[in-house]
Amino acid sequence: MKLRLSPQPLEWIDRKNPLTFTFEGKEVTGFAGDVASSALWSEGSKVLGRSFKYHRRRGLLSFANHDVNALFQAPDMPNVRGDVTPVQEGQMFTAVNTFGSLASDKGSLVELIGKFLPVGFYYRAFYSPKFLFPKWERLIREMAGLGKVDTSWTESRQPKRYRHCDVAIIGAGPSGMAAAIAAAEQGVDVCLIDENPYIGGSLDYQYVNEEALSETRSSLKSTIESMANIQVIASAYVAGYYGDHWLAVNTDQGLIKLSAQSVVVATGVFEQPAVFRNNDLPGVMNASAAQRLMSRYAVAPCKEAVILTANPEGYRAALDMHKNGLVVKAILDTGSTDSEWVEQARQSGIPVFEHATIVEASGRKALQAVTFSVDGVAKQLACDGLLMSVGWAPAGAPLYQAGTKFAYSHTLEQLLPVSLPEGVYACGRINGVFDILDQFKDGEQAGLAAALYMQGKETPELNDYAAQMAHSHPYPIWQHPKGKEFVDFDEDIQFKDLKGAIAQGFDNIELMKRFSTIGMGPSQGKHSNMNGIRILAKLTGKTIDQTGSTTARPMFHPTPVSHLAGMRFRPERLTPMHAFHQSVNACFMEAGNWLRPEYYPSEASREASIAAEVAAVRGSVGLIDVSTLGKLEVFGKDAVELMDRLYTMRMSNMAIGASRYALMVDDSGVVIDDGVAVRYSDEHFYVTTTTSSSDSAYRMIQKKVIEWGLQVTVLNRTGQIGAMNLAGPNSRKILSQLTDLDLSNEGFPYLVMRRAKVAGVDATLIRVGFVGELGYEIHVDSMDALQVWDELMRVGEAFSIKPFGVEAQRMLRLEKGHIIVGQDTDGLTNPFEANMPWSVHFKKPYFLGKPSLMKLKNEQQRILVGFELLSADRNAMPLESNLLIEDGEMIGRVTSIGRSAALGKVIGLAMISIDYSKPDGELHIKLSDGRLVKAKVVKTPFYDPDGLLQKPDEEVHNKEQGAAA
Amino acid sequence: MPLRLVKYAWKKSEDEPRFFPDEKPLKKAYDVVIIGGGGHGMACAYYLAKEHGITNVAVLEQGYIGGGNTGRNTTIVRSNYLTSEGVKFYDESLKLFEDLSDDFDLNIFYSTRGHFTLAHTDSAMRTMRWRAEVNKHHGIDSEVVDVDTIKKEVPYMDMSCNGQHPVMGALYHAPGSVARHDAVAWGYARGAQMRGVEIHQKTRVTDIKTKGGKVVGVETDRGFIEAKKVVSMVAGSTPRITEMLDIETPIEIFPLQACVTEPVKPFMDTIVVSGSLHVYVSQSSRGELVMGASVDPAELHSTRSTLDFVEGLTDQMMDLFPFTSRLKIMRQWAGMSDITPDFAPIMGKTDVEGFYLDAGWGTWGFKATPVSGKTMAYTVANDMPHELIKPFSLDRYSKFELVGEKGAASVGH
């Protein structure tokens, strides 16, 4: 193991537990606790991936969950992040986006023609001649993309958890830990979230060799562990802050949806790379990456290092290297730092060059030398590592998403939060606090304030602990005449690309991003946005604040679909009679979330079975389960008023015990629902809705009740009540055996409701005629429904009763010319167009949609008519939605069609231009293949036009039609 | 290596002419002021200059070019609408899109992928057939296809949808395409600018001034500008503009959200939409899956993202594409959709002389960019609505002459 160090005081690896995995087909040995990148690096494998565009060799850069150049392909996962993914025995990884292999990537030929591929090159070419574009696009698509998807991968889902807490603290570094303790001491419930497996943050990698802090460290950690009201959620990051302190916390085990009362953001800062020639050579990395590599995994970043720094943190990293017995050839200080640090470095034998300028890094496959200049004199040092410590950018996503404003501090050369939303606090380095002891204090005050805030107590004034010196270089960009200064490592964006974009007018931060694609890769600009802003500000002569920043949107890190989706919950609703339907092998169809029998396979074919069901209803008796209908109970002082306002027909003059067709339109007069209403008492109605609109109608009615200020209660009883329709000439004979109710025409006339016991069960019975025969809709408690159904089937046996499904009902109602809302009506159909002018009672002072209907009544353009097919060709059967054509123009469409056995012809409904609606008028239906077939307009109902069968042995005195869908 | 790139390489990219002009002072007066520097505004300016010779035009944009819904949509272009008015209008748009790269001398990555709208219910099948029949009647390439045909094109899709609401068929629209949305706005902007149009970013209109019922100019945060013709093309910000003139519209603003996965190598060529599952998805040329759903359930004038959206979308996505559970969502965002009751746009003249409105673009604005720009330019130049947009006038709501695109315009239905 070439670069593995001796044991480190806080290392995360378990040296007793070695394991082996493969990378690019080669065996790699590491320890449990290693991440893929650390294990590879420990063996001296510094080329971890190829870059996105030029396929340049890339190694570690930030080692902080955004090393997008070290993305690996696993057999069951694309884009695995090497810098954070713990290795497991036997795992197999390859590099993503290579052509050939990582070692020999044909994609690197792109770099040879890089001159021809400047920023936005793809906007410049490939479109002419047009017919070649698909070929070019295919090539470009193949070159883009990272990992590969195997479409045979199976579904994976992780359950979600819900958590409430008083104070959520994001980030368990020095200030976050202090904040957690301070908040918890107030007795509140604290969640401390950190993306690493252990708390500690920079305290453990930047200050690992600081003896003076070891006691503080252990005391902080043991206090947190001992406090029952602090829950540490480790290996977890806040993917998004979603308003009202609602956090999506992603963990290895799935998403936690965390609702907090206040939030402390202690996420710290992202170290930003320096931009100079060949800054992407493997071996060039952020100083904090090197510190994490050493302290967590006991892996040396290199053997001989040069440090490029603009702050004390660089010196600290140099001393850490030195302490581990590694050679630090020089510290290149871009300015001049506190003499104390320079002194310490020199005492350790490290040469310090102040006011140094980096010229370039060089090396064939990895870093071999660094060229820099001091006082205009160029020097070169051989080395295999260059650690960059030139500045920081806020890890501010949760703050930005919460609505925090940031402003640039020239003292710190860093963006700082300046106005925090209520209940949101920030502390630590994101606040510009760099002194470790001040970080504890800043954390304490933020934690205390967050706890007091959520308790509704007054919060103290917060002290400003921000550093009084810059920890970031104001412009860590060193151009080179030969270029290759990389700003965005995800997208291979060089300095010249941004310069080119800006020069072409993309000189707004958002436009520059969109044209150059800076910040659009998987790391979403974590290491590139700040330098991008600095470059844009410099080249346009603006300040950082004037330049602004792009929006930090969720996700903070790319978040697995399997976690966001969670478990699969799909409601499935079964009617009380479902067991019966299953027992006779009903063929089910989905109706919203309901399962309904489409038909019962009693014959050889679907068609024959449906025909048999239709014949049973017409000839003797049938029974259909209509439990899926929406069922609402309306009661209270204003029940009548509500019913009158909701439905187009007058409901206030219904006698107690009467039923009436209930048609509902919206504000613009469009038909949205129908059903049957019955009146139980003066202030009590019961009304059905269509299956599909039961929920939406209920919601809408609730809204209207509030809007209109009515004293009325509406209950949605859809699931509590089972319903069935017993229909056919013999229905009365069957029902009479199961009830004491007087079923004579006088005792229980057509369109009347009765409440009585049926098969020993309390029932509401309505005499309706949707299918056009003598029939009873029977509503009972859903617990009793199956019993009533079974009894009706048992008694009906003597009459060869048949259960019938949705398809038979469709045919039966079509023969009667009854509409199905949503099939025979569309998004604009009003009742006049639906050919139901009788259903609109304008004499009411108001009902929903009345003003619109008053106007629409006189402007009717189209109408729903019945038609019968004149062609007998069975191979020329139109389908629903086929168009009607006259003189080459569309004049309408077929909304329903079917072959009626009772009538011996094909009948249907069509919504057509009113000009063509005269009875017996010829129509032409255009089949899907373009052929025209002839039909003629006929009056509806097609079957039993006078409705005699619905009211046997009864005089026809009531013209009102009854229907229920 | 295309010749254009070789030629281009001789120059440095920073020596290329600017797409958009540098900031400069506003003039005192323009013939036409266009509010909104998105695709529609830029296209209108472009066609005003190119086809009507009107170049004394200012486009005022409160943010940056294409920063509103132009840059937030999921870039699908199609013409398989439900009404004759809609089909003719969007078909013209599609034809214009096909030639835009050449017109602009800029590749907008107009990529014809084929577009499946899946049906999971009987009633959806009827709607698909209705759309197909209307489309075919107007010569649009649209067809209802069965499950086997879908399987051939999208073999990796789970037709059973995990056992619930299985796919029964689809409306297939071969010309369905995706394009690089930003480039469309940039191309129009550059073309307009080259012809003399002024583009002013970070310039917010604060009021519209009228005299005797006629527009006389606009007040901005950079001062007053005289103009006899003012065009509003601001999508989700429309209510803020129409309020200035007391113009009533039935527009309601609903957020529409979208998200992308991390980029992966190309595997999905077609565009797949499921209304029942509230999912639409395509793979961008960068390799990201670009995904959207229906609009948010409640009105809101904001572009904030919600967790519910991404939870719901990913959950439903997996019913169709189980393997996507191994992908990661990289970024989500939202736009403000200006939705009309009939899901069709509002275009043309208004009761205020000199004020033209282009709004109500809901979730279907990007695909109309070229045709809306072209027909609005005609309308402004001639002070007379273009034939194609007559059905979309604002007064149709008071006249009850709605267009009825609900069944085809949005995924939500």
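So, how was this worked out
Residues numbered from 1 in each chain as written. Chains lettered and ligands numbered in written order. Predicted model: local features only at pLDDT ≥ 70, side-chain atom pairs only at ≥ 80, totals over all residues. UniProt positions renumbered as here; feature names shortened; annotations may be inferred. Helix = DSSP H or I, 4+ residues; strand = E, 2+ residues; numbered from the N terminus. Buried ≥ 20, exposed ≤ 12 C-beta atoms within 10 Å, placed from the backbone. Pairing = 2+ DSSP bridges. Axes fitted to C-alpha atoms, helices over the stretch in contact; angles between N-to-C directions. Contact = placed C-beta atoms within 7 Å. Core = buried A, V, L, I, M, F, W, Y, C linked by C-beta atoms within 7 Å. Domains from an automatic or database assignment. Nonpolar A, V, L, I, M, F, W, Y, C, P; charged D, E, K, R; others polar.

Going by what an unreviewed UniProt entry lists, chain B is known as FAD-dependent oxidoreductase and is assigned to Thiomicrorhabdus heinhorstiae.

Labelled according to an unreviewed UniProt entry, chain A appears under the name (2Fe-2S)-binding protein, originating from Thiomicrorhabdus heinhorstiae. The UniProt entry for chain A carries the following text under Sequence similarities (unreviewed entry): "Belongs to the GcvT family."

In the UniProt entry, the feature "domain: SoxA A3" (unreviewed entry) is given for residues 482–566 of chain A. The distance from the first to the last C-alpha atom of residues 482–566 of chain A is 50 Å, and the span holds 45% helix and 8% strand.

Further remarks concern the pairing of strand β7 (residues 92–95) of chain A. Residues and elements named next belong to chain A. Only one face of β7 is buried, namely the one carrying Phe93 and Ala95, since none of Met92 and Thr94 on the opposite face is buried. Of the pairings in the sheet, the one linking strand β1 (residues 14–23) to β7 comprises two bridges and is parallel in character. Across the sheet, threonine 22 pairs through a bridge with methionine 92, a residue of β7. Across two bridges, the pairing between strand β5 (residues 71–74) and β7 is antiparallel. Bridge pairing links glutamine 73 to threonine 94 in β7.

Moving on, we get to the UniProt feature "domain: GCVT N-terminal" (unreviewed entry) in chain A. UniProt marks residues 577–844 of chain A with the feature "domain: GCVT N-terminal" (unreviewed entry), using the numbering shown here. Structurally, residues 577–844 of chain A is divided into 28% helix and 29% strand, and its ends, taken at the C-alpha atoms, are 40 Å apart.

Turning our eyes to something else, we now look at the sheet that holds strand β35 (residues 671–681) of chain A. All names here are of chain A. One open sheet accounts for five strands, arranged β34-β35-β36-β33-β37; its pairing is antiparallel. Of all strands in the sheet, those bounded by a partner on one side alone are β34 (659–665) and β37 (713–716). Recorded for the sheet is a direction-independent mean angle of 25 degrees between the axes of neighbouring strands. By the bridge criterion, six bridges tie strand β33 (residues 630–635) to strand β36 (residues 684–689) in an arrangement that is antiparallel. Within β36, the position partnered with phenylalanine 635 by the bridge is histidine 684. Lying over the sheet, helix α19 (residues 639–646) contacts β33, β34, β35 and β36, oriented at roughly 135 degrees with respect to β33.

Moving on: the nonpolar core. Residues Val167, Ile169 and Val264 of chain A are the most contacted members of the largest nonpolar core, which totals 412 residues. Viewed by domain, this core spans two of them, domain 1 (26–73 + 182–251 + 342–409) and domain 2 (112–175 + 252–339) of chain B, each represented by three or more residues. Beyond its immediate sequence surroundings of up to four residues, valine 167 of chain A is in contact with Ala183, Val188, Val190, Ala260, Gln261, Ser262, Val264, Ala450, Ala451 and Met454 of chain A. Phe121, Ala125, Phe126 and Phe133 of chain A belong to the second-largest nonpolar core, a separate cluster that totals six residues.

Turning to the interface of chain A and chain B, a few remarks are in order. Accessible area lost during the coming together of the parts is what is often quoted as the interface size. Tallying the contact residues gives 84 residues for chain A and 73 residues for chain B. Looking at the side of chain A that touches chain B, its residues break down into 36 nonpolar, 26 polar and 22 charged. By the bridge criterion, two bridges tie strand β29 (residues 559–560) of chain A to strand β18 (residues 328–339) of chain B in an arrangement that is antiparallel. Residue pairing in the sheet places threonine 559 of chain A in a bridge with isoleucine 329 of chain B of β18 of chain B.

Take the environment of tryptophan 341 of chain A next. All names here are of chain A. By the element assignment, tryptophan 341 lies in helix α9 (residues 339–347). Distance in space between the C-alpha atoms of tryptophan 341 and glutamine 158 is 49 Å, their sequence separation being 183 residues. Once you skip the residues sitting within four places of it in the chain, tryptophan 341 turns out to touch Pro312 and Tyr315.

Turning our attention to the domain arrangement of chain B. Residue and element names in this part refer to chain B. Domain assignment breaks chain B into domain 1 (26–73 + 182–251 + 342–409) and domain 2 (112–175 + 252–339). Between domain 1 and domain 2, the C-alpha centre-to-centre distance is 29 Å. Each side of the interface is counted separately: domain 1 has 16 residues, and domain 2 has 13 residues. At the level of secondary structure, the elements contributing two or more residues to the side of domain 1 that touches domain 2 comprise α7 (238–244) and α11 (406–409). Counted by class, the side of domain 1 that touches domain 2 contains six nonpolar, nine polar and one charged residues.

Owing to its 3.6 residues per turn, the α-helix aligns residues three or four sequence positions apart on the same side. Residues and elements named next belong to chain A. Across the ten residues of helix α23 (residues 806–815), ten count as buried, placing the element largely inside the fold. For α23, the complete set of buried residues consists of Val806, Glu807, Ala808, Gln809, Arg810, Met811, Leu812, Arg813, Leu814 and Glu815. Of the surrounding secondary structure, the elements contacted by the buried residues of α23 are β30 (587–591), β31 (594–599), α18 (606–619), β32 (622–625), β45 (889–900) and β46 (905–913). Downstream of α23 by a residue or two, glycine 817 has a phi angle that is positive, lying close to 70 degrees.

Okay, unusual backbone geometry next. Most peptide bonds are trans, and most residues other than glycine sit at a negative phi. Residue and element names in this part refer to chain A. Geometrically, the link from proline 554 to methionine 555 is a cis peptide bond, its omega value of 5 degrees lying close to zero. If you trace the backbone, methionine 555 turns up in the loop between α15 (544–547) and β29. The omega angle of the peptide bond from threonine 940 to proline 941 is -5 degrees, so this bond is cis rather than trans. Along the polypeptide, proline 941 turns up in the segment after β48 (932–938). A positive phi angle is found at aspartate 920, which is not glycine, with a value near 70 degrees. Inspection of the secondary structure assignment puts aspartate 920 in the loop between β46 and β47 (922–926). The exposure class assigned to aspartate 920 is exposed, which follows from the 8 C-beta atoms found within 10 Å.

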